[in-house]
Amino acid sequence: MSLLSCEGVSLGYDGKEILSDLNFSVNEGNYLCIVGENGSGKSTLMKTVLGLHAPMKGKITTGDGLNRNEIGYLPQQTVVQKDFPASVREIVLSGCQARCGLRPFYNKEEKKLAASAMERMNITSLEKRCYRELSGGQQQRVLLARALCATRKLLLLDEPVSGLDPKVTVDMYNLISELNRKDGITVIMISHDIAAAMKYATHILHIGKTVFFGTRHEYAQSDIGRMFDAVENAQEGGDGNA
């Protein structure tokens, strides 16, 4: 059974439909990249998967014992969030809130889980540091550790490398790939980086005027995949000639 399925889903806001009749499924161990034009509905889809928005039509279902509150989520950061005055440990621990229920405190198991997540992200040495004092790459590792506290099954990542320099971007991509390949965590990631999607993802969902869902190899052979590859290569050539 699929970990997550979208059947005949239409999305929109303020009564305006921006995406219609979307169908795809994500199985355990998949790494799905969601790509497409700006304004095509990528972030709206992510929020609908999380249950923050209701689909206008169709349904999104989870399987394999996955509950919506067990999905780890790394959203795009706002300026306010980047300046949040809390310690690294406090932020990572907050990923355990769904596990607490009505308890007003974290128990020993949750504290151990947070420590393990910080170790996995190689940020244990930063646990007492103030979050807003960290670099962009360090902040993203903190947020990824927080997301890991919420799940061992499915991570939703919304542009996780946005604003990072090239080296830190590669490091972050490699880290996410390791979580998928070595830890067995299913990944759904929104990305504008087609080249990275083709390198790391097992499946591609392209949304916009044209909708495509399939493996990365199928995407590479599709009309929409070839078109975007040509555009990206042209842009790289233009940058090199500048």
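Residues numbered from 1 in each chain as written. Predicted model: local features only at pLDDT ≥ 70, side-chain atom pairs only at ≥ 80, totals over all residues. Heavy atoms only, no water.

Peer 1: Mind laying out the sheet that holds strand 3 (residues 31-36), listing which residues take part and the relevant values?
Peer 2: If you walk across this open sheet you meet the 6 strands as 5-6-7-3-8-9, and the pairing is mixed. Of all strands in the sheet, those with a lone pairing partner are strand 5 (71-74) and strand 9 (212-215), marking the two edges. Averaged over neighbouring strand pairs, the angle between their axes works out to 15° when direction is ignored. Sheet analysis places strand 3 next to strand 8 (residues 203-207), joined by 5 bridges and oriented parallel. Across the sheet, residue Leu 32 finds its bridge partner in strand 8, namely His 203. Strand contacts of helix 1 (residues 42-49): strand 3, strand 5, strand 6 (154-158), strand 7 (186-190) and strand 8, with the helix running at about 150° to strand 6, the strand carrying the most contacts. (Pairing = 2+ DSSP bridges. Helix = DSSP H or I, 4+ residues; strand = E, 2+ residues; numbered from the N terminus. Axes fitted to C-alpha atoms, helices over the stretch in contact; angles between N-to-C directions. Contact = heavy atoms within 4.5 Å.)

Peer 1: So what's going on with the side chain of Ser 222? Residues and values would help.
Peer 2: Structurally, the position occupied by Ser 222 is in the loop between helix 9 (216-221) and helix 10 (223-241). Of note is the side chain of Ser 222, whose polar atom sits 2.7 Å from the backbone oxygen of Tyr 219. (Polar contact = N/O pair within 3.5 Å; in protein donor to acceptor, adjacent residues only side chain to side chain.)

Peer 1: Which residues make up the packing of aromatic side chains, and what values go with them?
Peer 2: One pass over the structure, following the stated rule, counts 3 aromatic pairs. Ring geometry for Phe 24 against Phe 213: centres 5.9 Å apart, planes inclined by 50°, an arrangement best described as tilted. Of this pair, Phe 24 sits in strand 2 (residues 16-26) while Phe 213 is found in strand 9, placing the two residues 189 residues apart along the sequence. Given the relative accessible area of 6%, Phe 24 is considered buried. Classification of Phe 213 as partly exposed rests on a relative accessible area of 29%. Summarising the aromatic geometry, the rings of Tyr 173 and Tyr 200 are spaced 5.4 Å apart at their centres and angled 25° between planes, so their arrangement reads as stacked. Of this pair, Tyr 173 sits in helix 7 (residues 166-181) while Tyr 200 sits in helix 8 (residues 194-200), placing them 27 residues apart in sequence. Like Tyr 200, Tyr 173 is buried. (Phe/Tyr/Trp six-rings, centres within 6.5 Å; stacked < 30°, edge-to-face > 60°. Buried < 20%, exposed > 50% of the residue type's maximum accessible area, 1.4 Å probe, protein only.)

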